[in-house]
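Coordinates in review
What follows is each chain in one-letter form.
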Amino acid sequence: MPTQSQKNSEQLNKLDKKVALIEADLKSIKDNHLHTIQDSISKIEKHISSIWKVVGILCFMFTIVFAETVKSFIDLLVI
């Protein structure tokens, strides 16, 4: 019959194995979440880049339209 010390040692070994499995699971979960977050951030960065291109084009178009409007207004004042 095993002594109390041997029983405790066996229980500690079992607990150590369970802790190791839990740590591995936590690491796997953390890595998966980090990968998902990185993918999401990458997609957001691409969308922001596209939005800035559109904003730049719209600013250029409004500048052209505004310049024509100012020119027309000046022409009306000069006449």
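Residues numbered from 1 in each chain as written. Predicted model: local features only at pLDDT ≥ 70, side-chain atom pairs only at ≥ 80, totals over all residues. Heavy atoms only, no water.

**Structural notes on the overall build of the protein chain**
Definition in use: Counting from the N terminus, the helices are DSSP H or I runs at least four residues long and the strands are E runs at least two residues long. To get the radius of gyration, use the C-alpha atoms; to get the globule rule, take the number of residues to the power 0.38 and multiply by 2.2 Å. Exposure classes here rest on a 1.4 Å probe applied to the protein chains alone. A residue is buried below 20% of its type maximum, exposed above 50%, and partly exposed in between. In short, Shrake-Rupley with a 1.4 Å probe defines the accessible areas, and a residue's cover is counted only from the protein chains shown. Only four residue types enter the charge count, namely Lys and Arg as positive and Asp and Glu as negative; His and the chain termini do not. Each charge is placed at NZ for Lys, CZ for Arg, CG for Asp and CD for Glu.
When helices and strands are counted, the protein chain shows one helix and zero strands. Its C-alpha atoms give the protein chain a radius of gyration of 34 Å, more than 25% over the compact-globule value 12 Å for 79 residues. Overall, the protein chain is about 115 × 15 × 5 Å in size when its C-alpha atoms are taken along their principal axes. Counting over 79 residues, the protein chain shows a buried share of 0%. When the accessible surface of the protein chain is totalled, it reaches about 7600 Å², and 69% of it is carbon and sulfur. Of the charged side chains in the protein chain, 10 are positive and 9 negative; the average position of the first set lies 8 Å away from that of the second.

**Some remarks on the pattern of salt bridges**
As a working rule, side chains carrying opposite charge can pair if their charged atoms are close by. Put simply, the test is: Every case where a carboxyl oxygen of Asp or Glu lies within 4 Å of a side-chain nitrogen of Lys or Arg is listed as a salt bridge.
Counted according to the given criterion, the structure contains one salt bridge. Among the ionic pairs, Asp31 bridges to Lys27, the shortest N-O distance being 3.0 Å. With Asp31 and Lys27 both in helix H1 (residues 4-78) and four residues apart, this pair spans about one turn of that helix. Residue classification places Asp31 among the partly exposed residues on the basis of a relative accessible area of 34%. Using a relative accessible area of 52% as the deciding quantity, one classes Lys27 as exposed.

Treat this as a map of the structure, not an account of what it does.
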